[in-house]
Amino acid sequence: MREIALLAIAITAFAGAALVPDGPMDFATEGAPADTAIADTAAYTASDPQAGDTDSYAAWVAGATELPRAADGHFYADANINGTRLTFLIDTGASIVALTGTDARAAGLFWSPADIRPVGRGASGPVHGVEVSLDRVTLGGHEARNVRAVIVPDGLAVSLLGQSFLTTIQPVRIEGDRMVLGE
């Protein structure tokens, strides 16, 4: 009986996704969106899969997110931090996620100057910031909870998506001019 109920729920969810206004897009016949900051193997997405977005569901099903190499040689991605969409440089050499002060405030994270202390060491010396835990980090179809991070109020030009998030996705690999997250 339980299996029949679960099958009915799965069929209803699948049918509902197919009937969504402006429903799933077939990029093979309609072409990819012009903004290609994040392209999934099954569909383009940079949004929260819990928001009901069928593209995010497709990314979750596909299990992989592909990021194109930018003109400066780096990989960038739009990820959601606690439900707020932010742009990150993917930094496989960073131990944890590092947020600029502006991005942290946009994601609803606040601190006082008294909270700032040395949190790490960068190429130019000590890095000062505030250690935090991010409730939820979502990139494509990948989500992690309670992700270690630091807020770096000054001196960081772009937020960094580091290992405290990237280790929740396996594998992370570079294939030519694409970074592939997941399988």
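Residues numbered from 1 in each chain as written. Predicted model: local features only at pLDDT ≥ 70, side-chain atom pairs only at ≥ 80, totals over all residues. Heavy atoms only, no water.

Trainee: So, the overall build of the protein: which residues are in play, and what are the values?
Mentor: When helices and strands are counted, the protein shows five helices and eleven strands. A fraction of 56% describes how many contacts in the protein between residues 6 or more apart in sequence connect residues 24 or more apart. Of the accessible surface of the protein, which amounts to about 10,200 Å², a share of 56% is contributed by carbon and sulfur atoms. (Helix = DSSP H or I, 4+ residues; strand = E, 2+ residues; numbered from the N terminus. Contact = heavy atoms within 4.5 Å. Areas by Shrake-Rupley, 256 points an atom, 1.4 Å probe, with all protein chains shown as cover.)

Trainee: Quick one: what's the story with the environment of Ser95, residue by residue and with numbers?
Mentor: Relative to the elements of secondary structure, Ser95 occurs in the loop between β4 (84-90) and β5 (97-100). Judged by relative accessible area, which is 58%, Ser95 ranks as exposed. A C-alpha to C-alpha distance of 9.5 Å links Ser95 and Leu166, two positions 71 residues apart in sequence. Those residues in contact with Ser95 that sit more than four places away from it in its chain are Gly162, Gln163 and Ser164. (Buried < 20%, exposed > 50% of the residue type's maximum accessible area, 1.4 Å probe, protein only.)

Trainee: Lay out the pattern of salt bridges with the relevant residues and their values.
Mentor: What the rule picks out here adds up to seven salt bridges. In this structure, Arg136 and Glu143 form a salt bridge, with 3.8 Å as the shortest nitrogen-oxygen distance. For Arg173, the salt bridge is made with Glu175, and the minimal N-O distance between the two is 2.7 Å. Taking relative accessible area as the criterion, Arg173 reaches 30% and is therefore assigned partly exposed. Classification of Glu175 as partly exposed rests on a relative accessible area of 45%. (Salt bridge = Lys/Arg side-chain N within 4 Å of Asp/Glu carboxyl O.)

Trainee: Talk me through the environment of Val180; I want residue IDs and the actual numbers.
Mentor: The residue Val180 is located in strand β11 (residues 178-182) in this model. Residue class for Val180 comes out buried when judged on its relative accessible area of 3%. The residues touching Val180, leaving out its near neighbours within four places in the chain, are Ala64, Thr65, Glu66, Pro171, Val172, Arg173 and Glu175.

Trainee: Requested: an account of the nonpolar core, with residues and values cited.
Mentor: Judged by nonpolar contacts, the single largest core of 28 residues is most densely connected at Phe88, Ile90, Val97, Leu99, Leu134, Leu161 and Phe165. The set of elements that each furnish at least two residues to this core consists of β3 (76-81), β4, β5, β7 (125-139), β8 (142-152), α5 (163-166) and β11. Ignoring anything within four residues of it in the chain, the contact list for Val97 reads Phe88, Leu134, Val147, Arg148, Ala149, Val150, Leu160, Leu161, Gly162, Ser164 and Phe165. In terms of nonpolar packing, the next biggest core, distinct from the first, is built from six residues, Leu89, Ile96, Val150 and Val152 among them. (Core = buried A, V, L, I, M, F, W, Y, C linked by side-chain atoms within 4.5 Å.)

Trainee: Let's hear about the environment of Gly93: which residues, and what values?
Mentor: Within the secondary structure layout, Gly93 lies in the loop between β4 and β5. For Gly93 and Gln163, which are 70 residues apart along the polypeptide, the C-alpha to C-alpha distance reads 7.4 Å.

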